[in-house]
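Analysis of the macromolecular model
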Amino acid sequence: MNEQIIARHWLAIIAPKAAPALATSTVLILARIWNANGAEHSVGNAVLMTALSLAAAAAGACASVGRAGDSVIAGTAFAASGGLALAGVAGYADGLSLPLLLCVLATAIAYGLAARYWRTDRRERVAYERHVSDRREERAHVERVETIRGTTQVEVARSGAAYAEQLAAALVTRAALPGFDPAALERAGLPELPAHHRDT
C-alpha cells in the first residue's frame, strides 16, 4: 500500500518549541515600551495590572475546579495571569534586571508546563501511528489472503474446465474407435455414457 510522504517545513517543526520563549519575550518587550511611555512608578497602572492578573488567576481557578474542569481554559487563564503579572512588573520597575529575571523564570516555567503536554502529544501520536500501522498490516494481510484465495479459485476453475475438455475429447475419441462397445464399459462397472455417445 503506497502512502504519500509529506515533509513538514522546518519552521513548522520549530514554531511550537519556540512559542513559550517568543511569548515571554514579546510581553517583556511590550512592557518595557510601556515603561518608557510613562508606566514607570505609575500607581494606577500597577493597580490595573495587579487587578487584571488576579482576575485572570481567579478565572483559571474557577475553570480548573468547576464542573467541567476544562484544562485548556484553566491553562490559558493562568498563562494570561502570569503574562499580566510579568507585564506589570516589567512596566513598573526602574531597571531591566528584575524584568529580565522574571522573563527567564516565566520562560522556564512555560517550557516546564509545555514539556508535559508535548510528551502527552508525542505518546498519543506514537500510539495513533502504531494503531494505523497495525490496521494497515491487518488489511494488507486480508488482501493477500483474499488474493491467494481468488487466484486459487480461478486456477481450480481453469484446471476443472481443462479437465472437462480433455475428458470430453477422450470420450469423443474413444467413441470413434472401431469396435468400441459402450455396453462392455457398463458391464465393467464404469459410468454409463451419455445417450448421444451411445448412438454414434
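Residues numbered from 1 in each chain as written. Predicted model: local features only at pLDDT ≥ 70, side-chain atom pairs only at ≥ 80, totals over all residues. Heavy atoms only, no water.

1. Observations regarding the overall build of the protein
Counted only if it meets this: Each helix is a run of DSSP H or I of at least 4 residues and each strand a run of E of at least 2, with the numbering of both proceeding from the N terminus. Only heavy atoms matter for contacts: two residues are in contact if any of them lie within 4.5 Å across the pair.
When you go through the protein residue by residue, the secondary structure sums to six helices and zero strands. Starting at the N terminus and ending at the C terminus, the protein contains elements arranged as α-α-α-α-α-α. A separation of at least 24 residues holds for 63% of the contacts in the protein among residues at least 6 apart in sequence.

2. Thoughts on the pattern of salt bridges
Oppositely charged side chains can pair when the atoms bearing their charge come close. To be explicit about the condition: In the sections that follow, a salt bridge refers to a side-chain nitrogen of Lys or Arg positioned within 4 Å of a carboxyl oxygen of Asp or Glu. Residue burial is assigned from relative accessible area. The probe radius is 1.4 Å, only protein chains are included, and a residue is buried under 20% of its type maximum, exposed over 50%, and partly exposed in between.
Here the structure, examined in full by the defined rule, presents three salt bridges. Between arginine 149 and glutamate 146 there is a salt bridge, with its nearest N and O atoms 2.6 Å apart. Within this pair, arginine 149 and its partner glutamate 146 are both found in helix H4 (residues 97–176), separated by three residues, close to a single helical turn. The exposure class assigned to arginine 149 is partly exposed, which follows from its relative accessible area of 41%.

3. Quick word on the layout of surface pockets
As a reminder, the rule being used: Only protein atoms enter the calculation, which uses a 1 Å grid: trapped sets of points that fit a 1.4 Å probe without letting it out are cavities, open sets showing protein on both sides within 12 Å along at least five of seven lines are pockets, and any residue with an atom within 4 Å of a point is a lining residue. Grid points are joined across faces, edges and corners, and a volume is the space filled by probe spheres set on the points.
For the largest pocket, the calculated volume is near 830 Å³. Along its surface, the largest pocket is lined by 27 residues, and Gly75, Phe78, Ala79, Ala110 and Leu113 are the ones closest to its centre. Considering every element that reaches the lining of the largest pocket, the biggest residue donor is helix H3 (residues 71–92), with eleven residues.

4. Concerning a positive patch on the surface
Using the following cut-off: Residues qualify for a patch when their relative accessible area is over 30% and they have no salt bridge, like charges being joined within 9 Å and the nonpolar side chains of Val, Leu, Ile, Met, Phe, Trp and Tyr within 5 Å. To be clear on the numbers: accessible area is Shrake-Rupley with a 1.4 Å probe, and residue cover counts the displayed protein chains and nothing else. None of His or the chain ends enter the tally, which takes Lys and Arg as positive and Asp and Glu as negative. Every charge is mapped to an atom, namely NZ of Lys, CZ of Arg, CG of Asp or CD of Glu.
A surface patch of like charges, here positive, comprises Lys17, Arg116, Arg119, Arg122 and Arg123. With four residues, the single largest contributor to the positive patch is H4.

5. Some words on the nonpolar core
Operational definition: Each nonpolar core is a collection of buried residues, namely Ala, Val, Leu, Ile, Met, Phe, Trp, Tyr and Cys, held together in the definition by side-chain atoms within 4.5 Å.
The biggest cluster of nonpolar side chains holds six residues, and these are Leu28, Ala31, Met49, Ala87, Ala90 and Cys103. At the level of elements, helix H1 (10–39) and H3 are the ones that each hand at least two residues to this core. The contacts of alanine 31, once residues within four sequence positions are left out, are Ala87, Ala90 and Gly91.

6. Notes on a nonpolar patch on the surface
Together, Trp10, Leu11, Ile13 and Ile14 line one region of the surface with nonpolar side chains, adding up to about 420 Å² of accessible area. By secondary structure assignment, the location of leucine 11 is in helix H1.

7. A closer look at the packing of aromatic side chains
Aromatic ring pairs are reported here in terms of the distance separating the ring centres and the angle at which the planes meet. Definition in use: Between 30 and 60 degrees the pair is tilted, below 30 it is stacked and above 60 it is edge-to-face, where a pair is any two Phe, Tyr or Trp rings, Trp via its six-membered ring, whose centres lie within 6.5 Å.
According to the stated counting rule, one finds one aromatic pair in the structure shown. Taking the centre distance of 6.1 Å and the plane angle of 65 degrees together, the rings of tyrosine 111 and tryptophan 118 count as edge-to-face. Given the relative accessible area of 22%, tryptophan 118 is considered partly exposed.

8. Focus: the side chain of asparagine 35
We count it as follows: Polar contacts here mean pairs of N or O atoms no more than 3.5 Å apart (in protein, one a potential hydrogen donor and the other a potential acceptor; neighbouring residues in sequence count only if both atoms are side-chain atoms).
Looking at the element boundaries, asparagine 35 is found in helix H1. Accessibility expressed as a relative area gives 8% for asparagine 35, which makes it buried. In this structure the side chain of asparagine 35 is engaged in a polar contact, spanning 2.7 Å, whose partner is the backbone oxygen of glycine 91. Only 2.9 Å separates the side chain of asparagine 35 from the backbone oxygen of alanine 93, close enough to count as a polar contact.

9. Here's the deal with the side chain of arginine 32
Structurally, the position occupied by arginine 32 is in helix H1. Here alanine 93 takes part through its backbone oxygen, which lies 3.4 Å from a polar atom of the side chain of arginine 32. Here arginine 32 is in contact with Ala90, Ala93, Asp94, Gly95, Leu96 and Pro99, once residues within four sequence places are set aside.

10. A few points about the confidence of the model for the protein
Low pLDDT means the predicted atomic positions in that stretch should not be read closely. Our working rule: Values of pLDDT, the confidence the predictor places in each residue, fall between 0 and 100.
For the protein, per-residue confidence averages 78 on the pLDDT scale, and 84% of positions sit at 70 or higher. The element-level mean pLDDT for the protein is lowest in helix H6 (residues 195–199), coming to 50, with H4 highest at 87.

11. Considerations on the environment of leucine 105
Assignment of secondary structure puts leucine 105 in helix H4. Along the sequence, leucine 105 and threonine 24 sit 81 residues apart, while their C-alpha atoms lie 9.6 Å from each other.

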